[in-house]
Amino acid sequence: MEESPSFFVEDGYVRAWDSQNCKTFWEENCSFISRLSEDIYKSPLNRSCNMPQKEPADMTDHGDDELSSRTGSPDKEGRVPEERSLLHQSLAVRELIDTEVSYLHVLQLCASDIRSHLQQLPQGDLDVLFSNIDDIIKVNSKLLHDLQETAAREEEQVQLIGNLFLEFQEELEQVYKVYCASYEQALLLVEAYRMEPRLQREIQDTIEAVLPQAGSSGLSFLLVIPLQRITKYPLLLQKILENTLPDASAYPVLQRATSALQDVVTNINEYKRRKEVASKYTKVEHLSLRERLARINVHTLSKKTTRLGQLLKQEAGLVPKTEDKEFDDLEESFHWVSLCVTELKNNVAAYLDNLEAFLRFRPQEYDLDIPGGPVVQYCYLARDLQLQAFPEFKQRLEALVWQPLCSLAKALAGPQNLIKKRLDKLLDFERVEEKLLEVGSMTYEEEAARHMYEALNSLLVAELPQFKQLAVRWLGQILCTFVTLQRDLAKQVLQRAEGSLAQPLLPGAEHQVQALLSRYGPGKLYQVTSNISGSGTLDLTLPRGHVVALLQDKDTKGNSSRWLVDTGGHRGYVPAGKLELYHMVPREEELRGQARPHRDSQRQTPEPTLASVPSVPAVTQVVAVYPFVARSSHEVSLQAGQQVTVLEAQDKKGNPEWSLVEVNGQRGYVPSSFLARAPGPALWGWSLPS
């Protein structure tokens, strides 16, 4: 029977040994688990699993003595009796399950007790030290549960164990390769802790309090246990296989399972090597010319000269060039994605610059010497948009588009650097292949260069398509966000324009509007959107732009499409579809006064849109939102935008709808809904108003 290779851990890698050294290696490196077995067998966890309270080694000796007394010596041909093979097979199965119990118990202690008591370490360090140990515990717990269930079917147990490991092959590889890839970084942290004696002592005390069997190795020994366990599975399965008869139905299943776990170990090694290559070459360094020159030495000059010579020979057609259509197509598609990201980043940067320049240009602050009407309304709208809508849009654009786009461009730098390094390593690989054909041998450095190219190429071929898909999805989300922001801005501007750019009043209608406003309030005023020609007796004929007050939102028959309105002189019905809520527009003089920049100040301080309030606290400085015409000696007239001092926020009967105010030395009552609090000055700039 062909002997399968054995494995051990060295420098974070899983390496192959011959079978003569396997037993010695395991006894030395797994003495911790052996010392822990007695405690585990006596623990509640062990009793709940109904595991026998003997170690495999004791059982082996006892079983051998018992078997010798029962079966006698081997037959004349020196063959081991079938009963003896079955006993060794049973002991090997027992060792697999017992050591799995011990191993899982240690992992649970590391994840719960030890990790939770190392809170003096930063969370980032804990994430590196314990990596994905929770995922390992989850997978191995399922594996142990299924292994223990095989005991109920003793005749098929060995075959079931083989099928189990074939079933768990992919899960074991996925979780352990992640742990092994971060193992070297964890060791660097352990070495750093040793440079701080006080911290090292705290860590050691924590580990010894939970696991005294760990000894002086402490944290470093605990971290290597998962690596040792994954290398042990092929050995344990091989031991079961060696004690299984070749003609047994379980034999081919165990062969496949042993081979599968050996492949797992090999794939973990390859994954770890790829990650080391990626970590080495994805770092983008920004060096000055002096720093680059300082790195030049004889070795680097020799390498670069050799690569240049190889490239020139290929261009001249003296030597063939390695063709890899699969990688070339992959590189081209990734290049287009990178180009799209770069172009979009440049365009968004230019867009932000133009937006900033647009916001610095504020013509509404200057007196344009143009007659009023639309110009005044435009100034009012532009001032409102530049105060809130545009700065808010710019802030969202930077947070939701620009920053993710910069992060994506930064993420692409690593793979781009790997692709460049692959070209250099390909030239080295081709040169080594030429020498191998000519001479038939190569040096250790040349073999290392060959393996480096193979690892780098396999890494890119395996992971670059996934990264490209992720980058395309990321880029699509950024573009969708940009379109959504543009749509939201357009919608917001239209809403503000509809609310601010009201239809102009008819000539001489201002007094009539003020009368309606004083009588009915701003919430009842509507403006005619198109000419109305009355056809009935009670229907009104009104021109476009006329302002009316709503009396009832239906006629006497309950028809809600005909509203009863008051024009200030006549009452009648008009179509509801030709009315829209009237928005007060400040007088042209007031807008010009607000828009004209202060010549004695360096920066304009605009005021945000005022929000009306139903009631105002007493003795408060407020602003009149709407004009009000006094109808008696107890009231006082107001102009829109006029500064008002509130003396009492209610009338003498306690009604909060009227407030006692003082305006230009005169006192009187005004509607509270016509007043709004005056906000404090806000600096002009990109930040949103508070």
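Residues numbered from 1 in each chain as written. Predicted model: local features only at pLDDT ≥ 70, side-chain atom pairs only at ≥ 80, totals over all residues. Heavy atoms only, no water.

So, the overall build of the protein chain: which residues are in play, and what are the values?
The number of helices and strands found in the protein chain is 19 helices and twelve strands. Looking at the protein chain as a whole, 41% of its 690 residues qualify as buried. Of all intrachain contacts in the protein chain linking residues separated by at least 6 positions in sequence, the fraction that spans at least 24 positions is 70%. With an accessible surface of roughly 38600 Å², the protein chain has 52% of that area assigned to carbon and sulfur atoms. (Helix = DSSP H or I, 4+ residues; strand = E, 2+ residues; numbered from the N terminus. Buried < 20%, exposed > 50% of the residue type's maximum accessible area, 1.4 Å probe, protein only. Contact = heavy atoms within 4.5 Å. Areas by Shrake-Rupley, 256 points an atom, 1.4 Å probe, with all protein chains shown as cover.)

Quick rundown of the packing of helix α9 (residues 183-194) against helix α11 (residues 219-242)? Include the residues and the values.
Contact geometry for α9 and α11: axes closest at 10 Å, N-to-C directions at 170°. Between α9 and α11, the angle is such that the two are roughly antiparallel. Of α11, the residues touching α9 (which contributes Y183, A186, V190, Y193 and R194) are L219, S220, L223, V224 and L227. For the contact of α9 with α11, the per-class residue count stands at eight nonpolar, one polar and one charged. (Axes fitted to C-alpha atoms, helices over the stretch in contact; angles between N-to-C directions. Parallel < 35°, antiparallel > 145°, perpendicular 65-115°, else oblique. Nonpolar A, V, L, I, M, F, W, Y, C, P; charged D, E, K, R; others polar.)

Please set out a negative patch on the surface residue by residue, giving values where relevant.
Taken together, the side chains of E323, D328, E331 and E332 present a region of like negative charge at the surface. Mapped onto the fold, E323 is located in the loop between α14 (298-315) and α15 (325-360). (Patch = residues over 30% accessible without salt bridge, like charges linked within 9 Å, V, L, I, M, F, W, Y side chains within 5 Å. Salt bridge = Lys/Arg side-chain N within 4 Å of Asp/Glu carboxyl O. Lys, Arg positive; Asp, Glu negative; His and termini not counted. Charge placed at Lys NZ, Arg CZ, Asp CG, Glu CD.)

Can you lay out helix α18 (residues 510-520) for me, pointing to particular residues and giving the numbers?
Among the residues of α18, Q512, V513, Q514, L516, L517 and S518 are the ones counted as buried. Next to the buried residues of α18 lie β3 (525-528), β4 (547-552) and β5 (562-566). Downstream of α18 by one or two residues, G521 has phi in the positive range, about 90°.

How would you sum up the packing of aromatic side chains? Please name residues and give values.
Taken as a whole, this structure holds eight aromatic pairs when the rule is applied. Judged by centre distance (5.9 Å) and plane angle (80°), the ring pair of F628 and F674 falls under edge-to-face. On the criterion of sequence distance, the pair formed by F628 in the loop between β8 (620-624) and β9 (643-648) and F674 in the loop between β11 (666-671) and β12 (675-677) is long-range, its members being 46 residues apart. Take F628 and F674: they sit in the same class, and that class is buried. Here a set of aromatic residues connected by ring pairs shows up, and it is made of Y351, F393 and F482. Of note, R115 hangs over the ring of F130, and the distance from its end group to the ring centre comes to 5.8 Å. The ring of F327 is capped by R422, whose NZ or CZ atom sits 3.6 Å from the centre of that ring. (Phe/Tyr/Trp six-rings, centres within 6.5 Å; stacked < 30°, edge-to-face > 60°. Lys NZ or Arg CZ within 6 Å of the ring centre and 35° of its normal.)

Before we move on, can you summarise the pairing of β3 with the specific residues and values?
Across the two faces of β3 the burial is the same, with L525 and Q527 and Y526 and V528 all buried. Bridging between β3 and β4 involves three bridges; their strand directions are antiparallel. Among the inter-strand pairings, Q527 is bridged to a residue of β4, identified as V547. (Pairing = 2+ DSSP bridges.)

So what's going on with the sheet that holds strand β7 (residues 579-581)? Residues and values would help.
Taken together, five strands build an open sheet; the order of strands is β6-β5-β4-β3-β7 and the sheet is antiparallel. At either end of the open sheet lies a strand with only one pairing partner, and these are β6 (571-575) and β7. Ignoring strand direction, the axes of neighbouring strands in this sheet form an average angle of 50°. Across five bridges, β5 lies against β6 in antiparallel orientation. Looking at β6, one finds that L564 is bridged to Y573.

Summarise the confidence of the model for the protein chain; cite the residues concerned and give the values.
Predicted confidence across the protein chain gives a mean pLDDT of 76, with 74% of residues reaching 70 or more. Helix α7 (residues 133-149) holds the highest mean pLDDT among the elements of the protein chain, 93, whereas helix α3 (residues 44-48) holds the lowest, 36. Counted against residues more than four places away or in other chains, residues 1-9, with its pLDDT under 50, gives 36 contacts. For the stretch residues 679-690, pLDDT sits under 50, and the model shows 23 contacts to residues farther than four places along the chain or on other chains. (pLDDT = per-residue confidence, 0-100.)

I'd like a rundown of a nonpolar patch on the surface, residues and numbers included.
Among the surface-exposed residues, L308, L311 and L312 lie close enough to one another that they form a single nonpolar patch of about 270 Å² accessible area. Tracing the sequence through the fold places L312 in helix α14. Its relative accessible area of 53% is what places L312 among the exposed residues.

Break down the nonpolar core for me, with residues and values.
With 66 residues, the main nonpolar core has L129, F165, Y176 and Y233 as its most contacted residues. Of all elements in the fold, only α5 (82-116), α6 (123-130), α7, α8 (157-181), α9, α10 (197-210), α11 and α12 (251-281) reach the threshold of two or more residues within this core. Leave out the neighbours within four places in its chain, and F165 touches L96, L143, L147, L172, Y233, L237, A257 and L261. (Core = buried A, V, L, I, M, F, W, Y, C linked by side-chain atoms within 4.5 Å.)

Explain unusual backbone geometry to me, and be specific about the residues and the numbers.
Positive phi, normally seen in glycine, also occurs at S131, with a value near 45°. The residue S131 is located in the loop between α6 and α7 in this model. For S131, a relative accessible area of 22% gives the class partly exposed. The residue N664 is not glycine, and still its phi comes out positive at about 55°. With respect to the secondary-structure elements, N664 resides in the loop between β10 (658-663) and β11.

Describe the pattern of salt bridges, naming the residues involved and giving the relevant values.
Tallied over the full model, the rule gives 19 salt bridges. R115 is paired through a salt bridge with D134; the nearest N and O atoms lie 3.0 Å apart. Remark: D134 occurs in helix α7 and R115 occurs in helix α5; sequence separation between them is 19 residues. We classify D134 as partly exposed; its relative accessible area is 42%. For D539, the salt bridge is made with R562, and the minimal N-O distance between the two is 2.5 Å.

Go over the environment of Y271 with me, naming the residues and quoting the values.
Along the chain, Y271 falls in helix α12. The class for Y271 is buried, based on a relative accessible area of 17%. The sequence separation of Y271 and V178 amounts to 93 residues, and the corresponding C-alpha distance is 8.6 Å.

So what's going on with the side chain of E635? Residues and values would help.
Its place among the elements puts E635 in the loop between β8 and β9. On the accessibility criterion, E635 (14% relative accessible area) is buried. A polar contact of 2.9 Å, which involves the side chain of E635, links it to the backbone nitrogen of R631. Contacts of E635, omitting those with residues within four sequence positions, involve F628, V629, A630, W658, G668 and Y669. (Polar contact = N/O pair within 3.5 Å; in protein donor to acceptor, adjacent residues only side chain to side chain.)

Requested: an account of the pairing of β10, with residues and values cited.
When β9 meets β10, the two strands line up antiparallel, connected through three bridges. From the neighbouring strand, E648 faces β10, where its bridge partner is L660. With six bridges joining them, β10 and β11 adopt antiparallel strand pairing. Opposite E662, over in β11, you have R667 as the bridge partner. Taken together, β10 and the strand that follows it, β11, pair antiparallel across an intervening segment of two residues, in which N664 is found at a positive phi of about 55°.

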